[in-house]
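For reference, the chains in residue letters:
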Amino acid sequence: RAAARADAAAVRARVLHGVRGGAAVEGRVGDLPAMSSTPSAGPGEAVRVGFPGVGEAESALKVVGEHDGRWRELSASQQGEMDGAIVMLREATDQGHIKAAEFVGTVYRLGQGVAVDYPRAMAAYKVGAEGGHAGCQWQVGHMYYDGEGVDVNYVQALPWIEKAAAQDEPEAVGQLGVMYSDGFGVAPSWRRAREYFERAIKLHTKLGNSMAVESMQTLTESIQTTLMDKWWRSTARAAADMNGKRGVATDFHWYEGGKGKWRYTVKLDGGEAFKVKPANLRLWVEGTGGA
């Protein structure tokens, strides 16, 4: 019964604040991630979802349209409906209902019809995250990453973001690209960052524009200023087992404010791989013995 009530309440919140064309409208409860069973709805139409109790919620509510792209002020009766929906969602969340947990988390994180409450949002998201919900896993990780209601903690953020990325949550995949590019909570690796950005862009193809595109462009420009992906020959300063050998730089490890710690991962012609200081490599130009 709690699950059925939660699904009805979730639809109530979404219908009350409007979802047009099946897509979210910025600044409203419609921003909550769409349920997979939600069909498209035309402008001004209530969203119809195949969950128990939806008919009652649909008949009781009407769409509140967008108002200058912001959360529209609710009438007393609408606020009452919203409050009732949240109470039911919270009850369902307490019983482990993961879709309800996602709604509750987003409502409190964004302050949609309620005061912003990060601890309550985090608690709700964790219910969904521990239940395997990719969107909730991403949000828990993101809140730790950005320090929303908690101290910034990349170590805590990483496992949740990785869990969401494993389920192809696009934002989580792109965030891993940022973390590996800048070395936040992980050993920096521009190779891995590029792989995550490429994957995020593919996942976002169906969803529209993605910040991963911009991040990928920035990373590509940075890579072009290094020897990564290029043939190189080691300098006289390299270790004896590297001196004079040739290979390809397959990765670059960048540390903010720590140029002395920068390293390339290089692969020799013979297949061996090493980490090498930038000063110990020079660009190999065919026919010249180097650049």
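As a starting point, this report considers the structure included with it. This one's a predicted model, so the numbers in the text were calculated from it and none came from an experiment.

### Let's talk about the overall build of the chain
Alright, step 1. Along the chain, the regular secondary structure elements total ten helices and five strands.
Alright, step 2. The contacts of the chain with a sequence gap of at least 6 include a subset with a gap of at least 24, amounting to 48%.
Alright, step 3. Taken as a whole, the chain presents about 14,600 Å² of accessible surface, with 49% of it coming from carbon and sulfur.

### Quick look at the pairing of strand E1 (residues 231-234)
Alright, step 1. Covered by surrounding structure in E1 are Trp232 and Ser234 only, the residues Trp231 and Arg233 on the alternate face being uncovered.
Alright, step 2. As defined by bridge partners, E1 adjoins strand E5 (residues 281-283) across three bridges and the pair is classed as antiparallel. Bridge pairing in E5 links Ser234 to Leu281.

### Some details on the pattern of salt bridges
Side chains bearing opposite charge may pair, as long as their charged atoms lie close to each other.
Alright, step 1. Counted under the stated rule, the structure contains five salt bridges.
Alright, step 2. Of the charged contacts, one joins Arg191 and Asp251 as a salt bridge, the two residues approaching to 3.8 Å between their closest N and O atoms. Here Arg191 is found in helix H9 (residues 190-204), whereas its partner Asp251 is found in strand E2 (residues 246-253), with 60 residues between them in sequence.
Alright, step 3. Its relative accessible area of 32% is what places Arg191 among the partly exposed residues.
Alright, step 4. You can call Asp251 buried: its relative accessible area is 4%.

### A short note on the pairing of E2
Alright, step 1. Pairing geometry for E1 and E2, over three bridges, is antiparallel. Across the sheet, the residue bridging to Trp231 is Val248, located in E2.
Alright, step 2. With six bridges joining them, E2 and strand E3 (residues 263-268) adopt antiparallel strand pairing. Each residue of the ladder has a partner; that of Ala249, found in E3, is Val266.

### Some remarks on the environment of Leu89
Alright, step 1. Looking at where Leu89 falls in the secondary structure, it is placed in helix H3 (residues 76-94).
Alright, step 2. Sequence-wise, Leu89 and Ala101 are twelve residues apart; in three dimensions their C-alpha atoms are separated by 7.3 Å.

### Points about the nonpolar core
Alright, step 1. The biggest cluster of nonpolar side chains holds 53 residues, and the ones touching the most others in it are Val140, Ile161, Leu176, Met179, Tyr264, Val266 and Leu281.
Alright, step 2. What Tyr264 contacts, discounting residues up to four positions off in sequence, is Thr226, Leu227, Met228, Ala249, Asp251, Phe252, His253, Phe274, Lys275, Val276, Pro278 and Leu281.

### Some words on helix H4 (residues 98-110)
Alright, step 1. Compared with an ideal rise of 1.5 Å per residue, which puts 13 residues at 18 Å, H4 spans 18 Å between its outermost C-alpha atoms and is within 8% of the ideal.
Alright, step 2. In terms of burial, H4 is largely enclosed, as ten of its 13 residues are buried.
Alright, step 3. Listed as buried for H4 are Ala100, Ala101, Glu102, Phe103, Val104, Gly105, Thr106, Val107, Tyr108 and Arg109.
Alright, step 4. Immediately beyond the C-terminal end of H4, within one or two residues, lies Gly111, with a positive phi of roughly 70 degrees.

### Section: the sheet that holds E1
Alright, step 1. Taken together, the five strands give an open sheet; going across it, the order is E4-E3-E2-E1-E5, and neighbouring strands pair in antiparallel fashion. Across the chains shown, the open sheet's two edge strands, defined by having one partner strand only, are strand E4 (273-276) and E5. Neighbour to neighbour, the strand axes of the sheet diverge by 45 degrees on average, direction disregarded.
Alright, step 2. Pairing between E3 and E4: four bridges, direction antiparallel. In the sheet register, Thr265 faces E4, and the bridge partner there is Lys275.

### Looking at unusual backbone geometry
Alright, step 1. Notably, Asp168 is not glycine yet its phi reads approximately 65 degrees, a positive angle.
Alright, step 2. Among the structural elements, Asp168 can be located in the loop between helix H7 (154-166) and helix H8 (170-182).
Alright, step 3. For Asp229, which is not glycine, the phi dihedral falls at a positive 75 degrees.
Alright, step 4. Looking at the secondary structure, you find Asp229 in the loop between helix H10 (211-223) and E1.

### Some words on the side chain of Ser181
Alright, step 1. Following the sequence through the fold, Ser181 ends up in helix H8.
Alright, step 2. Here Ser181 falls in the buried class, since its relative accessible area comes to 12%.
Alright, step 3. Excluding anything up to four places from it in sequence, Ser181 contacts Ser189, Trp190, Ala193, Leu219 and Trp254.

### Let's talk about the environment of Gly174
Alright, step 1. Relative to the assigned elements, Gly174 resides in helix H8.
Alright, step 2. Placed 29 residues apart in sequence, Gly174 and Leu203 show a C-alpha to C-alpha distance of 9.7 Å.
Alright, step 3. If sequence neighbours within four positions are ignored, Gly174 has contacts with Phe197 and Ala200.

### Some remarks on H10
Alright, step 1. For H10, with 13 residues, the first-to-last C-alpha span of 18 Å sits near the 18 Å given by 1.5 Å per residue.
Alright, step 2. All of the buried residues in H10 are Ala212, Met216, Leu219 and Ile223. The buried side chains of H10 occupy one side of the element, clustering within an arc of 65 degrees when seen end-on. Projecting away from the buried face of H10 at angles above 90 degrees are the exposed residues Met211 and Glu221.
Alright, step 3. For H10, the secondary structure elements touched by its buried residues are H8 and H9.

Cut-offs and rules
- The written sequence of each chain sets the order in which its residues are numbered from 1.
- Owing to the predicted nature of the model, reporting of local features is limited to residues with pLDDT of at least 70; listing and counting of side-chain atom pairs is limited to 80 or more, with chain, interface and lining totals taken over all residues.
- Side-chain calculation: all heavy atoms of the structure are included, whereas hydrogens and water are not.
- The secondary structure listing takes helices from DSSP runs of H or I that are at least 4 residues long and strands from runs of E that are at least 2 residues long, numbered from the N terminus.
- Contact between two residues is taken to exist if any of their heavy atoms lie within 4.5 Å; hydrogens are not considered.
- Reported accessibility uses the Shrake-Rupley method at a 1.4 Å probe radius. Residues are deemed covered only where the shown protein chains occlude them.
- Think of it in three bands: residues with accessible area under 20% of the maximum for their type are buried, residues over 50% are exposed, and the middle band is partly exposed, with areas taken using a 1.4 Å probe on protein chains only.
- We call two strands paired when DSSP finds no fewer than two bridges between them.
- Here, a salt bridge means any Lys or Arg side-chain nitrogen found within 4 Å of an Asp or Glu carboxyl oxygen.
- Residues enter a nonpolar core if they are buried and are Ala, Val, Leu, Ile, Met, Phe, Trp, Tyr or Cys, with the set joined through side-chain atoms within 4.5 Å.
- The span one expects for a helix is its residue count, reduced by one, times 1.5 Å.
- Between the N-to-C directions of two axes lies an angle of 0 to 180 degrees, each axis being a line fitted to C-alpha atoms and, for a helix, fitted only over the stretch in contact.
- Note that the arc is computed from the directions linking the helix axis to the C-beta atoms.

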